[in-house]
Structures are given as structure tokens and as C-alpha cells.
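# Close look at the chain arrangement
Single-letter residue listing:
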Amino acid sequence: TAKPIIDMSVVVLADEDVPRAIERLATIGYVHRGDLGVAGREAFYSPPQLPAHHLYVCHVGSLGLRNHLAVRDYLRANPDAARQYGELKQKLAARHPDDIDAYLAGKTDFILNILRQSPFTAEQLAAIEGSNRSTPPNRPS
């Protein structure tokens, strides 16, 4: 069965604040992984002594942050969609336990259907889709 892994975002006021956040997180054991193909969202490996989680640093207004918040808000407002999304994630985790790229690709259509109801441009949706359907640099196999 899949282990629940929470996504967390550290939000900074401006893009110029991102390097300082990266430096500060390193002092408490986070390892910077780069943007993993998602502009405006920096990813980190969590310290081994903490429960598994995904940590990102985003600046206010970045596409990566807006994407996460739009999906979160939609799922909060639509319990049936939240249930369906949870079931999809469980099926994908069982089907692709060691293939994060296949897992992400399997969620992409569901997420894009949500985001099409939000104020994202076609270009922004294409960028989100591209980052979920390809293997970005620095993503572990």
C-alpha cells in the first residue's frame, strides 16, 4: 500500500528570496534538488530523521504555487472529486510503486481537468502538463 506523503510549500514574497530560503533549509538538513522542471518551484529532499514529505519553496504568484493551491481549493470544495482523486492516487501507487514518473503522468489528466476550471492560460496548462508527463532533470529514477 502507498504511504501517505504530504506536500508542503514554503512561500516567500519574491523570487529574490528563494536563494536565502534554500540556504536556511540546508542548515536544518534539507537537500536542494532544483526545480525538477517546474519553474518557480524549488524541490527538496527531506532530512532522513523526519517522516517522508515533499517540501517546495515557491514565491508568491509562481505557477508552481498557484497550481498546488488551485487543486487544493477545488478538492476542498468538491468532496466527490477529492474521493475520486484519492482513489486514483491509490490505484496509481499500487500499479507504479517504484515509478514516480508513471505515477505523476497517471494523475495529470485528472489535475488538468481541475485546472481548466481555474484562471490558467493555455500556455500555463501546457507547462503544467509537460512537467507532469516528462522526466525532469535531477528527478531520481
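Quick summary incoming for the structure in this document. (Residues numbered from 1 in each chain as written. Predicted model: local features only at pLDDT ≥ 70, side-chain atom pairs only at ≥ 80, totals over all residues. Heavy atoms only, no water.)

### A short note on the overall build of the protein
Here is the rule: Secondary structure elements follow DSSP: runs of H or I no shorter than four residues count as helices, runs of E no shorter than two count as strands, and numbering proceeds from the N terminus. Based on C-alpha atoms, the radius of gyration is set beside the globule rule, defined as 2.2 Å times the residue count to the power 0.38. For each residue, the accessible area found with a 1.4 Å probe, counting protein chains only, is set against the maximum for its type, and the residue is called buried under 20%, exposed over 50%, and partly exposed in between. Any two residues whose heavy atoms approach within 4.5 Å at even a single point are treated as in contact. Surface accessibility follows the Shrake-Rupley procedure with a 1.4 Å probe radius. Residue values consider only the protein chains on display as shielding. The positive count covers Lys and Arg only, the negative count covers Asp and Glu only, and His and the chain ends enter neither. A charge is said to be at NZ when it belongs to Lys, at CZ for Arg, at CG for Asp and at CD for Glu.
Counting its secondary structure elements, the protein contains five helices and four strands. Relative to its length of 141 residues, the protein is compact, with a C-alpha radius of gyration of 15 Å against a globular reference of 14 Å. Once the C-alpha set of the protein is aligned to its principal axes, its extents read approximately 40 × 35 × 25 Å. Within the protein, the fraction of its 141 residues that count as buried is 36%. Here the contacts in the protein between residues at least 6 apart in sequence split such that 54% fall between residues at least 24 apart. Of the roughly 8,700 Å² of accessible surface on the protein, a fraction of 55% belongs to carbon and sulfur atoms. Of the side-chain charges in the protein, 16 are positive and 16 negative, and the distance between the mean point of each set is 6 Å.

### Focus: the pairing of strand E4 (residues 53–59)
So the rule is basically this: Two strands are counted as paired when DSSP detects at least two bridges linking them.
The element E4 is largely enclosed, with a buried count of six among its seven residues. Note that strand E1 (residues 6–12) and E4 share seven bridges and pair parallel. Within E4, the position partnered with isoleucine 6 by the bridge is histidine 53. Judged from the four bridges that link them, strand E3 (residues 41–45) and E4 form a sheet pairing that is antiparallel.

### Overview of helix H1 (residues 18–26)
Given 3.6 residues per turn, any residue in an α-helix points the same way as the ones three and four places further on. Applicable threshold: Think of it as the arc spanned by the lines of direction from the helix axis to the C-beta atoms.
Residues Val18, Ala21, Ile22 and Leu25 constitute the buried set of H1. Angularly, the buried residues of H1 cover 100° about the axis, an arc narrow enough to put them on a single face. What points out from H1, more than 90 degrees from its buried face, is the exposed set Arg20, Glu23 and Arg24. On the buried face of H1, the contacting elements are E1, strand E2 (31–34), E3 and E4.

### Some words on the environment of arginine 72
Of note, arginine 72 is situated in helix H2 (residues 63–77). On a C-alpha basis, the gap between arginine 72 and histidine 54 in space is 15 Å, while along the polypeptide they are 18 residues apart.

### Side note on the packing of H2 against helix H3 (residues 79–95)
Rules: Where helices are involved, their axes are fitted lines through C-alpha atoms of the stretch in contact, as for all axes, and angles between N-to-C directions lie from 0 to 180°.
Their axes nearest at 5 Å, the elements H2 and H3 cross at an angle of 115°. The segment H2 lies against H3, with Tyr74, Leu75 and Ala77 engaging Pro79, Ala81, Ala82 and Tyr85.

### As for the side chain of threonine 108
As a reminder, the rule being used: Two N or O atoms count as a polar contact when they lie within 3.5 Å, although within protein this holds only if one can serve as hydrogen donor and the other as acceptor, and sequence-adjacent residues are included solely when both atoms are side-chain atoms.
Structurally, the position occupied by threonine 108 is in helix H4 (residues 100–115). A polar contact is formed between the side chain of threonine 108 and the backbone oxygen of leucine 104, at a distance of 2.9 Å. Apart from residues lying up to four places away in sequence, threonine 108 is in contact with Glu129, Asn132 and Arg133.

### Details of a nonpolar patch on the surface
The condition that has to hold: Surface patches are defined over residues having more than 30% relative accessible area and no salt bridge, joining like charges when they lie within 9 Å and nonpolar side chains (Val, Leu, Ile, Met, Phe, Trp, Tyr) when within 5 Å. Between Lys or Arg on one side and Asp or Glu on the other, a salt bridge is scored when a side-chain nitrogen of the former is within 4 Å of a carboxyl oxygen of the latter.
A surface patch of nonpolar side chains, amounting to about 310 Å² of accessible area, comprises Val11, Leu13 and Val60. Mapping leucine 13 onto the fold places it in the loop between E1 and H1. Note on leucine 13: relative accessible area 75%, which makes it exposed.

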